[in-house]
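# Structural description and commentary
Given next are the chains, with one letter for each unit.
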Amino acid sequence: MSDAPLIAIVGPTACGKTQRGVDLARRTGGEIVSADSRQIYRGMDVGTGKDLGDYGEVPYHMIDIAPAGYRYNLFEYLRDASAALDDIASRGRKAIVVGGTGMYVETLLKGLALPEVPRDEELRQSLAGKSLDELTAILASMKRLHNTTDTDTVARATRAIEIETYYAAHPAEAEAARTGRPRKALIVGVDIPRDDRRRLISERLRRRFADEDMLGEVRRLLDSGIPPENLIYYGLEYKFLTLHAIGSMSRGEMEQALETAIHQFAKRQMTWFRGMERRGFTINWLPYDLGREEFTDRVLSMCDEIAR
């Protein structure tokens, strides 16, 4: 693992993180490492807001590295993103981590290396048929729940219990997974007032339906042979658009439910980042509406202060 410092740009959905990261990469000759759990997948472009056209000549990593329908996990992310960071540092380039998946950002900056926890079919059979509330209670008895990510769905809660069960049986691996070698980083948060965030989310959603054909993207993914339940697993756009595409929701119900879910998701993202601050991370918040050059100047000024 390299000790080269990196910059992390974080914040809720629709706050403009990607453009900020690209501006910094252009100024520094750096490269982007995405920390977005759904931009991993090929063919899921509109719903995840990849905005690849914004990157231009800027190299990026951790985008389009797995097929849609696959269930990429945190172990794989830490393995692959760490390799990308080390590769960037070995070439003397600046790494800029950009994304709103707080768990990815936090665990990556902690320098954790998770073991590859195998499936436990006997455990899964014993959990089969339990409700999400029941699974959440079991998980809460095994560890402190800092967030709702592990308990969004029955599948995720089951996997989280599977991991904690493995850790209980392998304490040395559990200790290595919970400590780590923190990476030296400047974390910059894009700060956006709640009302502005809600407005931009709603505007972007309407644009994706009208100009960017988000529904068409989901139908193409289904037509390619991806089972509906695999797309529903990804949540948000892919969950609600798939439910509409297979006839389980009307268009109006889908649009209303999706908009509500994205607003709730943005709130959860901010809860995570505030939690990171309580857990000892310093996040330097800058206004979302700063001019592009001024935002970049201020970030680089903070980098210079760290280097002194």
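Data block above holds the structure.
Residues numbered from 1 in each chain as written. Predicted model: local features only at pLDDT ≥ 70, side-chain atom pairs only at ≥ 80, totals over all residues. Heavy atoms only, no water.

For the chain, the helix and strand inventory stands at 13 helices and eight strands. In terms of overall dimensions, the chain has a C-alpha envelope of 55 × 50 × 35 Å along the principal axes. Expressed as a percentage of the 308 residues in the chain, the buried residues total 49%. A sequence separation of at least 24 residues applies to 73% of the contacts in the chain between residues at least 6 apart. Side-chain charges of the chain comprise 44 positive and 47 negative groups, with the mean position of each set lying 2 Å from the other. (Helix = DSSP H or I, 4+ residues; strand = E, 2+ residues; numbered from the N terminus. Buried < 20%, exposed > 50% of the residue type's maximum accessible area, 1.4 Å probe, protein only. Contact = heavy atoms within 4.5 Å. Lys, Arg positive; Asp, Glu negative; His and termini not counted. Charge placed at Lys NZ, Arg CZ, Asp CG, Glu CD.)

A few words on unusual backbone geometry. One can expect most non-glycine residues to show negative phi and most peptide bonds to be in trans. Within the chain, Ala14 stands out as a residue other than glycine whose phi angle is a positive 75 degrees. Turning to its location among the elements, Ala14 is positioned in the loop between strand 1 (6-10) and helix 1 (17-28). By relative accessible area, Ala14 is classed as buried at 16%. Not every positive phi belongs to a glycine, and Met62 is a case in point at roughly 70 degrees.

Let us look at the packing of aromatic side chains. Scanning the entire structure with this criterion turns up four aromatic pairs. Between the aromatic rings of Tyr41 and Tyr234, the centroid separation amounts to 4.6 Å while the plane-to-plane angle is 40 degrees, which identifies the pairing as tilted. With a gap of 193 residues between them, Tyr41 in strand 3 (residues 41-42) and Tyr234 in the loop between helix 10 (228-233) and helix 11 (236-245) connect regions that are remote in the sequence. The same class applies to Tyr41 as to Tyr234, namely buried. Arranged with centres 5.8 Å apart and planes meeting at 70 degrees, the rings of Tyr233 and Tyr234 form a pair that is edge-to-face. A relative accessible area of 5% places Tyr234 in the buried class. Linked through ring pairs, Tyr41, Tyr233 and Tyr234 together constitute an aromatic cluster. (Phe/Tyr/Trp six-rings, centres within 6.5 Å; stacked < 30°, edge-to-face > 60°.)

What follows deals with the sheet that holds strand 1. Spatially, the six strands line up as an open sheet ordered 4-2-6-1-7-8, and their pairing is parallel. At either margin of the open sheet sits one strand with a lone partner, and together these are strand 4 (60-61) and strand 8 (283-287). One ladder, built from three bridges, connects strand 1 with strand 6 (residues 95-98); its direction is parallel. Bridged to Ile7 within strand 6 is Ile96. Docked against the sheet, helix 12 (residues 251-278) engages strand 1, strand 7 (185-191) and strand 8, running at close to 135 degrees with respect to strand 8. (Pairing = 2+ DSSP bridges. Axes fitted to C-alpha atoms, helices over the stretch in contact; angles between N-to-C directions.)

Using the criterion set out here, one finds 25 salt bridges in the structure. Of the charged contacts, one joins Arg279 and Glu106 as a salt bridge, the two residues approaching to 2.8 Å between their closest N and O atoms. On the criterion of sequence distance, the pair formed by Arg279 in the loop between helix 12 and strand 8 and Glu106 in helix 3 (residues 102-110) is long-range, its members being 173 residues apart. A relative accessible area of 2% places Glu106 in the buried class. Several salt bridges converge on common partners, so that one network encompasses Glu31, Asp87, Arg91 and Arg93. (Salt bridge = Lys/Arg side-chain N within 4 Å of Asp/Glu carboxyl O.)

Structural measurements only, silent on function.
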